[in-house]
Amino acid sequence: GSVITAWQWDFGDGNTDVGQNVSHAYSADGVYDVQLIVTNDTACVDTVNQTIQVNILPQALITPSPNESVCLNTEMVFDGSSTTNIISWEWDFGDGNTATGQSVSYTYASPGNYTVTLTVENDNSCTDTTELPVTIFELPTCDFTMSPNDTNCVNEEIFFAGTGSADVVNWS
């Protein structure tokens, strides 16, 4: 029997390759005619053509509300609306918790820096992923004392003393 000595690929988008097993990534959606030409050791040639459809990618977008930096215990809303046809949204909040859906609400349990990851899928099973860094600020702590005590008389001067963590910048 004969042995194939040459493999020539034409991917239908102006790109070519040689070799029995190759890979190619299309840069645009569309229908492409892929051609493989093989030559054997007796100089005989065979050609095969197949059509491939390359689908458009969805576009994963994250819009946070109120914004990407909030105080602890503030509910955040993450919206995954897009201009492309998305059928599935998978959220990872970067702290071990996840959710599904186009728009989700989430409240972080601890202050810190997190990465929200959104993976979307369209009706052609194509996926896209995007990330958004978020910062959750620690809440200040405060207390106060009063003197002489908490039982006083009309027109008696009472002194109030506020205490708080070092990150308090406004006393009101």
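Residues numbered from 1 in each chain as written. Predicted model: local features only at pLDDT ≥ 70, side-chain atom pairs only at ≥ 80, totals over all residues. Heavy atoms only, no water.

Engineer: Account for the sheet that holds strand β10 (residues 103-106), with residues named and values stated.
Structural biologist: Taken together, the 3 strands give an open sheet; going across it, the order is β5-β7-β10, and neighbouring strands pair in antiparallel fashion. On the outer flanks of this sheet lie β5 (63-65) and β10, each paired with one strand and no other. Strand after strand, the sheet turns through a mean of 20° between neighbouring axes, direction not considered. (Pairing = 2+ DSSP bridges. Helix = DSSP H or I, 4+ residues; strand = E, 2+ residues; numbered from the N terminus. Axes fitted to C-alpha atoms, helices over the stretch in contact; angles between N-to-C directions.)

Engineer: Talk me through the sheet that holds strand β8 (residues 86-92); I want residue IDs and the actual numbers.
Structural biologist: Pairing is mixed across the open sheet formed by 5 strands, whose spatial order is β6-β12-β11-β8-β9. Where the open sheet ends on each side, the last strands, each with one partner, are β6 (69-71) and β9 (98-100). Neighbour-to-neighbour, the strand axes of this sheet turn through a mean angle of 25°, independent of strand direction. Direction of pairing for β8 relative to strand β11 (residues 112-122): antiparallel, over a ladder of 6 bridges. Directly across from I86, in β11, lies its bridge partner N122.

Engineer: How would you summarise the pairing of strand β7 (residues 76-79) if you had to cite specific residues and measurements?
Structural biologist: Judged by which residues are buried, β7 turns out to be one-sided: M76 and F78 face inward and are buried, whereas V77 and D79, on the alternate face, are not. Two strands pair when backbone bridges link them, and β5 and β7 are joined in this way by 3 bridges, in the antiparallel orientation. Counted as the bridge partner of P64 is F78 from β7. Of the pairings in the sheet, the one linking β7 to β10 comprises 4 bridges and is antiparallel in character. Bridging from a neighbouring strand, D79 pairs with S103 of β10. (Buried < 20%, exposed > 50% of the residue type's maximum accessible area, 1.4 Å probe, protein only.)

Such coordinate-based values are descriptive only and should not be taken to indicate function.
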